[in-house]
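Topology and contacts: notes
For reference, the chains in residue letters:
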Amino acid sequence: MSLLHQVLQDLHAGRWNAAHDLVQKDDSMLAAWLHGILHLQEGDLEDAENWYNRAARHFRSRGSLQEEIALFEQTLAAATLNND
C-alpha cells in the first residue's frame, strides 16, 4: 500500500492526526492536494488554500469535501495504474 493510500485509509477512519502526520512525508503534487483536503476537513481554509496552491489546484473552484475526496481517489487510482 502506498503512503497516500494509507493517508486515505486514516482519513476515512477518522484518524486525522495520523493522516496529517503521514501526508507530510510525501512531497508530491498529489500529496499536497491531499494535505489540502485534510485541512479542508479540519475547517482550516487558509492552510487548505496554501496546500491547494502547492498542488497547482484551484481552491476557489473546488467541489465539496466529499467530491474532492472522490476526485482525489480517482486521480490516485489512475496514477497508480499508470505506474504499474
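Residues numbered from 1 in each chain as written. Predicted model: local features only at pLDDT ≥ 70, side-chain atom pairs only at ≥ 80, totals over all residues. Heavy atoms only, no water.

Describing helix H1 (residues 3–12)
- When we look at burial in H1, the residues that qualify are Leu4, Val7, Leu8, Asp10 and Leu11. Looking straight down H1, one finds its buried side chains confined to an arc of 160 degrees; they lie on one side.
- Directly beyond the C-terminal end of H1, a positive phi value near 80 degrees is found at Gly14. (Buried < 20%, exposed > 50% of the residue type's maximum accessible area, 1.4 Å probe, protein only. Helix = DSSP H or I, 4+ residues; strand = E, 2+ residues; numbered from the N terminus. Arc of directions from axis to C-beta.)

Describing the nonpolar core
- Membership of the largest hydrophobic core comes to 22 residues, with the highest contact counts inside it found for Leu4, Val7, Val23, Leu34, Ile37 and Phe72.
- Among the elements of the structure, H1, helix H2 (16–23), helix H3 (29–42), helix H4 (45–54) and helix H5 (65–83) are those that each provide at least two residues to this core.
- The element contributing the most residues to this core is H3, with seven residues. (Core = buried A, V, L, I, M, F, W, Y, C linked by side-chain atoms within 4.5 Å.)

Examining the pattern of salt bridges
- Per the stated rule, a full pass over the model turns up two salt bridges.
- With a closest N to O distance of 3.4 Å, Glu49 and Arg60 form a salt bridge. With Glu49 in helix H4 and Arg60 in the loop between H4 and H5, the pair connects residues that are 11 residues apart, well separated along the chain.
- Owing to a relative accessible area of 70%, Arg60 belongs among the exposed residues under this scheme. (Salt bridge = Lys/Arg side-chain N within 4 Å of Asp/Glu carboxyl O.)

Concerning the packing of H3 against H5
- Between H3 and H5, the shortest axis-to-axis distance is 11 Å and the interhelical angle comes to 160 degrees. The orientation of H3 with respect to H5, classified from their angle, is roughly antiparallel. Crossing of H3 against H5: the hand is left-handed. Here Leu30, Trp33, Leu34, Ile37, Leu40 and Gln41 of H3 lie close against H5, whose contacting residues are Leu65, Glu68, Ile69, Leu71, Phe72, Thr75, Leu76 and Ala79.
- Tallied by class, residues from the contact of H3 with H5 come to 11 nonpolar, two polar and one charged. (Axes fitted to C-alpha atoms, helices over the stretch in contact; angles between N-to-C directions. Parallel < 35°, antiparallel > 145°, perpendicular 65-115°, else oblique. Left-handed = near helix turned anticlockwise from the far one by under 90°. Contact = heavy atoms within 4.5 Å. Nonpolar A, V, L, I, M, F, W, Y, C, P; charged D, E, K, R; others polar.)

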